[in-house]
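Below are the chains, spelled out letter by letter.
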Amino acid sequence: MEAGDRFPSLVVAMKNLSSEKTLTHCRSGVVNGSHATDGRRPIRLADLPDHVILHILSFLSITDAIKFSTVSRKFRFAWSFISNLDFDQRVFPDPDNSRLYADFVDRTLILFAAASLGGFRLWFDYEQRYSSHVDSWVLFAVRKNVEALHLRLSGYRRSYGTHVGDPYHFPLALLCHGRLRVLNLCYCSFDSKPLLHFPHLKSVFLDDVKINDEAVPNLVSGCPLLEELSLDYCYTIQHLKIVSGRLKKLELMHYQRPNSSVEIFAPNLLTLSCLHYVADKYEFRDLGSLVHAIVYFMDTQELLPRWRIVLGSVKHAKTIHLLNWWNTDLAEARNKDMIMLWNTHCLGLKTGNTKMEMFGIADFLRIAPNVITLILDIINTEAVNWKDGSERAFGKRCLEEELRGRLRHLKTVIVRSFVGSENELELLKYLLTHGVVLEKMSLLSAKPRCQFASEELLADTLKALQSFGQSFPNVEISLS
Amino acid sequence: MSESTEKKMVRLRSSDGEVFEVEESVAKVAKTLQDMLEEDCADAVIPITCVRAPILTKVIDYCKDQVMISSSSSTTNNPNERTEQERKAWGQKFMEGVDSSTLCELLVASNFLNIEGLLNLGVDKMVSMIQGKYPQEIRDMFNVVNDFTPEEEEEIRNQNAWAFERDPYYKKRSSSK
C-alpha cells in the first residue's frame, strides 16, 4: 500500500477526533448526555468519548494500542493520537527479532500524529548497529516536546555486566531544546560537558549508565529545577560529588568500587536512600532537612563501619528504613557504641523471620526509643536457615525481657508480607503485651502466597492472635 | 423526610425515569452536578439523561464512599483513611464483576458527571480487559462489528503483520498462504 492511500483516512480520523469534544462542557440547565444515549439503545464501546478512548490507550503498550485500533474503523488511527508512547520489546510478538522491532518503531513514529508527547518509553534489546535508529527516536521524542523520556536499552534477558559492545551513547545536548522533565536512562553513556542547561529537568534516573566523575556534577549544575536523582549500578564513577540546594530526593544504589568516595552537600534534601552503595569514603554535609532515610547494607564485618558512618549521618531523620539481616558473629560488634536514633518516629525494617532477626528487631527498638510506627517487611528466611549455632548465641537472651519497657511510644505496627510463622507470632504477642499505648496492628499477608504461608497456618495464626488480642481491647488487629 | 431538614437533599432522575434522592454532599462528588448546584441552576429533579438506573445506583455508591472517606479526613487519626494499597484493593473490589457493557456505561456516566476517580477506576478495568488481547477477542468481548472491508482488512494485516502473527483467528489464513 502506498502512503498516499493511507493519509486521506488519517485526515478524516483527525477531523473526527477534533470535532467530537463531547459531553464535558455541558454545565447548566438540563443535563443532556448528547449522543446515542436515549436510554433505549445500550451504550457500546464506540459510544465512549474519544478522550476516554485515548486515555485508555495511553495506558497500553503501543502494540496493544495498535491492536485495539484494528478492532473497527472508528478506532483505526486512535492510537496515533495518544499522549504516551510505550514501546516494550518484551510484549512484541517476536521479541527476539530486534531488526523487525526497530522497523516497527520506525514505522509507528512515521504515522504518529499527536502534536506533543507526554511520555516516551522504550524497552529495547540494544546493539551498537541500532544506534542511529535510537538517535532518530530520541530526536523524534524531543521534537514532540516529550516530558518524560525513558530509555531502557538493556536486553531483558541479560543480566548486568554481560553486555557485548558499548552502551548507547545518549545525545544529552539535544535535551537543552526540549521540555523534558523526567529522564530515565538504562544502559547508556553520555559525554559530560559543562555549561549545558536543562531548564525543565526535575527528575533524573540513571541505571547502569557509564559516565565519568564530572558527569553528575555537570548535570546537577545544569538543572536548576532538579529535585530527584537516582544512581543505580553506575560503576564507572569513582568520586561522586553532589552539591545542590534544590535536591529533595537522592537514591544511591548498588555500587562497590575500591578507592571511591561520595560527597553530598544538599541542605534541602528530604529523602536519602543508600542501598548497597559501598564506597570507601562517605561525606554527608548539611543534611539538616532530611526526613526520610533508607540505609541498606549487608551485615558483614567489612561493611559494618560504613553502615555506621551512613547511619550516623542520617540519624536525625524522622523515618528510617534499615535492613535487619542478622549475623550472629557481628551481634556484639554491632551493638557496641550503637548510634541512638532519638528522632526516629517511624522505623521500617526489612527483616527475615528467624529468631535471631526477632532479637535484631528488639535491638533496633532499643536504639530508637521514640518509635511511634514500626513497619516490618518480612522476607521469609526460615526455610534457608540454620537452627545451629545461633541458638547458642541467643540462648541467654529473652525476647520478652528485651522488649519490656521499651515500647513507650509505639502506637502502630504494620507487618508486610506476613507469613504467620511461630517467630512472627511470638514477636507480635510481646509487642501486644508490652506496647502500652499500642492502638493498631495491621498484618498484610504475603502475596502471592509463598509455600510457607498456607491458608491454614494463616487462619490458625489469626485465630491465636485474636484470642490473645482479646485481652487488649484497645488494639485494633487486622489481617488482609 | 425529617432528614432533609438536617441535610440538604438532591434528586436525580435516571434516563429510564427512576428518581434517586441523595445528600447534596454525595451529589457534589460529581463535578458536573457540583457546578450546577453552585450556580443554582438545578431544577427540583436533575435529569441525567445518559445514565440508566442500575448504573446511577453504582455511581451513587461510589460517591457515598468518597464522602465517607473525605468527611473524616480532617481529623488526624482517621479510621476511614486508606493506604495506597487499601485504596487499590477497594477499587478492584468495586469494579469486580462489572461486565463489558456495564463498564462502557460507567465510563460514559463518570465522564459525563465528571467524576475523575470513578473514571480512572473504569479506565484501569478497561486496560486490564484489553491488555494482550487480539482484535477479534476485543470485538467479541464488546460486541463490536468488524466494519472493515476484506480489502481494508488485508491492508491492515499487511501493515501490522507483527500484531497478527500469533493471532489464532488468523493462523489458518497465513498457514494456507
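Residues numbered from 1 in each chain as written. Chains lettered and ligands numbered in written order. Predicted model: local features only at pLDDT ≥ 70, side-chain atom pairs only at ≥ 80, totals over all residues. Heavy atoms only, no water.

- Looking at an unreviewed UniProt entry, chain B carries the name SKP1-like protein, with the source organism given as Aristolochia fimbriata.
- Per UniProt, the comment on chain B under Pathway (unreviewed entry) is "Protein modification; protein ubiquitination."
- UniProt's Sequence similarities (unreviewed entry) comment on chain B is quoted here verbatim: "Belongs to the SKP1 family." (UniProt positions renumbered as here; feature names shortened; annotations may be inferred.)

- Per an unreviewed UniProt entry, chain A goes by the name F-box domain-containing protein and belongs to Aristolochia fimbriata.

## Brief notes about the overall build of chain B
(1) Moving on: Per the secondary structure count, chain B includes 11 helices and three strands.
(2) Moving on: Each helix and strand of chain B, placed in order from N terminus to C terminus, yields the pattern α-β-β-α-α-β-α-α-α-α-α-α-α-α.
(3) Moving on: Expressed as a percentage of the 177 residues in chain B, the buried residues total 44%.
(4) Moving on: Sequence separation of 24 or more characterises 58% of the internal contacts of chain B that already satisfy a separation of 6 or more.
(5) Moving on: Surface accessibility of chain B: about 9,700 Å² in total, with carbon and sulfur atoms responsible for 47%. (Helix = DSSP H or I, 4+ residues; strand = E, 2+ residues; numbered from the N terminus. Buried < 20%, exposed > 50% of the residue type's maximum accessible area, 1.4 Å probe, protein only. Contact = heavy atoms within 4.5 Å. Areas by Shrake-Rupley, 256 points an atom, 1.4 Å probe, with all protein chains shown as cover.)

## Looking at the sheet that holds strand S3 (residues 45-47) of chain B
Residues and elements named next belong to chain B.
(1) Moving on: What the three strands build is an open sheet, ordered S2-S1-S3; its pairing is mixed. Each end of this open sheet is capped by a strand with a single partner; those strands are strand S2 (19-23) and S3. Direction aside, neighbouring strands of the sheet carry axes that sit 30 degrees apart on average.
(2) Moving on: The pairing of strand S1 (residues 9-13) with S2 spans five bridges and is classified as antiparallel. Counterpart to Val 10 in the pairing with S2 is Val 22. (Pairing = 2+ DSSP bridges. Axes fitted to C-alpha atoms, helices over the stretch in contact; angles between N-to-C directions.)

## Focus: the UniProt feature "domain: F-box" (unreviewed entry) in chain A
(1) Moving on: This chain's UniProt record puts "domain: F-box" (unreviewed entry) on residues 42-91 of chain A.
(2) Moving on: Within residues 42-91 of chain A, the helical portion is 32% and the strand portion 10%, while the C-alpha atoms at the span's ends are 34 Å from each other.

## Notes on the packing of aromatic side chains
A ring pair, where both rings are aromatic, is described by two values, the distance of the centres and the angle of the planes.
(1) Moving on: Enumeration according to the criterion identifies 19 aromatic pairs over all chains in this entry.
(2) Moving on: An angle of 75 degrees between the planes, with centres 5.5 Å apart, marks the rings of Phe 124 of chain A and Trp 137 of chain A as edge-to-face. Taken as a pair, Phe 124 of chain A in the loop between strand S2 (119-123) and helix H5 (131-143) and Trp 137 of chain A in helix H5 lie far apart in primary sequence, 13 residues in all. As far as the burial class goes, Phe 124 of chain A and Trp 137 of chain A line up, both buried.
(3) Moving on: Relative to Tyr 235 of chain A, the ring of Tyr 233 of chain A has its centre 6.1 Å away and its plane inclined at 55 degrees; by these criteria the two rings are tilted.
(4) Moving on: Ring-pair connections join several aromatic residues into one group, and the members of that group are Phe 87, Tyr 101, Phe 104, Phe 120, Phe 124, Tyr 130 and Trp 137 of chain A.
(5) Moving on: Positioned over the ring face of Phe 94 of chain B is Lys 58 of chain B, at 4.1 Å from the centre of the ring. (Phe/Tyr/Trp six-rings, centres within 6.5 Å; stacked < 30°, edge-to-face > 60°. Lys NZ or Arg CZ within 6 Å of the ring centre and 35° of its normal.)

## What about the layout of surface pockets?
Residue and element names in this part refer to chain B.
(1) Moving on: Considering only enclosed or pocket space, the second largest pocket measures out at about 490 Å³ in volume.
(2) Moving on: Looking at the second largest pocket, it is lined by 19 residues, and the ones nearest its centre are Lys 88, Gly 91, Gln 92, Leu 121 and Asp 124.
(3) Moving on: Elements that contribute at least two residues to the lining of the second largest pocket include exactly helix H4 (53-71), helix H5 (84-95) and helix H7 (116-130).
(4) Moving on: Partitioning the lining of the second largest pocket into residue classes produces five nonpolar, six polar and eight charged. (1 Å grid on protein atoms, 1.4 Å probe; cavity = no way out; pocket = protein on both sides within 12 Å on 5 of 7 lines; lining within 4 Å. Points joined across faces, edges and corners; volume = space filled by probe spheres on them. Nonpolar A, V, L, I, M, F, W, Y, C, P; charged D, E, K, R; others polar.)

## Side note on the packing of H5 of chain B against H7 of chain B
Residues and elements named next belong to chain B.
(1) Moving on: As a packed pair, H5 and H7 sit with axes 10 Å apart at the nearest point and diverge in direction by 75 degrees. In terms of axis orientation, H5 runs roughly perpendicular to H7. Here H5 contributes Trp 90, Gly 91, Phe 94 and Met 95 to the contact with H7, which in turn contributes Leu 118, Leu 121, Gly 122 and Lys 125.
(2) Moving on: Classifying every residue of the contact of H5 with H7 gives five nonpolar, two polar and one charged. (Parallel < 35°, antiparallel > 145°, perpendicular 65-115°, else oblique.)

## Looking at the nonpolar core
One broad trend across soluble globular proteins is that nonpolar side chains are buried collectively.
(1) Moving on: Grouped together as the largest cluster of nonpolar side chains are 187 residues, with contacts concentrated most on Phe 120, Phe 170 and Leu 431 of chain A.
(2) Moving on: Every residue in contact with Leu 431 of chain A, bar those within four places of it in the chain, is listed here: Leu 365, Leu 374, Leu 403, Leu 407, Leu 410, Val 413, Leu 438 and Met 441 of chain A. (Core = buried A, V, L, I, M, F, W, Y, C linked by side-chain atoms within 4.5 Å.)

## Here's the deal with the sheet that holds strand S13 (residues 281-285) of chain A
Residues and elements named next belong to chain A.
(1) Moving on: What the three strands build is an open sheet, ordered S9-S11-S13; its pairing is parallel. In this open sheet, the two strands that pair with only one neighbour each are strand S9 (239-243) and S13. Taken over all neighbouring pairs, the strand axes of this sheet differ in orientation by 0 degrees on average, direction set aside.
(2) Moving on: Two elements, S9 and strand S11 (residues 261-265), share five bridges in a ladder whose sense is parallel. In the sheet register, His 239 faces S11, and the bridge partner there is Ser 261.

## Structural notes on the pattern of salt bridges
(1) Moving on: Scanning the entire structure with this criterion turns up 21 salt bridges over all chains.
(2) Moving on: For the salt bridge of Glu 152 of chain B with Arg 73 of chain A, the shortest nitrogen-to-oxygen distance reads 2.3 Å. With Glu 152 of chain B in helix H9 (residues 150-159) and Arg 73 of chain A in the loop between helix H3 (62-69) and strand S1 (84-88), this residue pair bridges two chains.
(3) Moving on: We classify Glu 152 of chain B as partly exposed; its relative accessible area is 22%.
(4) Moving on: Take Arg 73 of chain A: its relative accessible area is 38%, and that puts it in the partly exposed class.
(5) Moving on: Here Arg 246 of chain A and Glu 227 of chain A are joined by a salt bridge, their closest N and O atoms 3.9 Å apart. In this pair, Arg 246 of chain A sits in the loop between S9 and strand S10 (249-256) while Glu 227 of chain A sits in the loop between helix H6 (215-222) and strand S8 (228-232), placing the two residues 19 residues apart along the sequence.
(6) Moving on: For Glu 227 of chain A, a relative accessible area of 18% puts it in the buried group.
(7) Moving on: Taken together, the salt bridges that share partners define one network made up of Glu 227, Arg 246 and Lys 248 of chain A. (Salt bridge = Lys/Arg side-chain N within 4 Å of Asp/Glu carboxyl O.)

## A short note on the confidence of the model for chain B
Residues and elements named next belong to chain B.
(1) Moving on: This prediction gives chain B a mean pLDDT of 81; 79% of its residues lie at or above 70.
(2) Moving on: Per-element confidence in chain B is highest for H7, whose mean pLDDT is 93, and lowest for helix H11 (residues 168-176), whose mean pLDDT is 44.
(3) Moving on: Long-range and interchain partners of residues 1-5, a stretch whose pLDDT sits below 50, account for two contacts in this model, where long-range means more than four residues apart.
(4) Moving on: Low confidence marks residues 170-177, where pLDDT is under 50. Its contacts with residues over four positions away, or in another chain, come to six contacts.
(5) Moving on: Our summary of model confidence lists the complex with pTM equal to 0.78 and ipTM equal to 0.84. (pLDDT = per-residue confidence, 0-100.)

## Notes on the confidence of the model for chain A
All names here are of chain A.
(1) Moving on: Within chain A, residue pLDDT values average 82, and 82% of them lie at 70 or more.
(2) Moving on: In the predicted structure, residues 1-39 sits below a pLDDT of 50 and forms 58 contacts with residues beyond four places in sequence or in another chain.
(3) Moving on: Every residue in residues 385-389 scores below 50 in pLDDT, and together they form six contacts with partners more than four places removed in sequence or on other chains.

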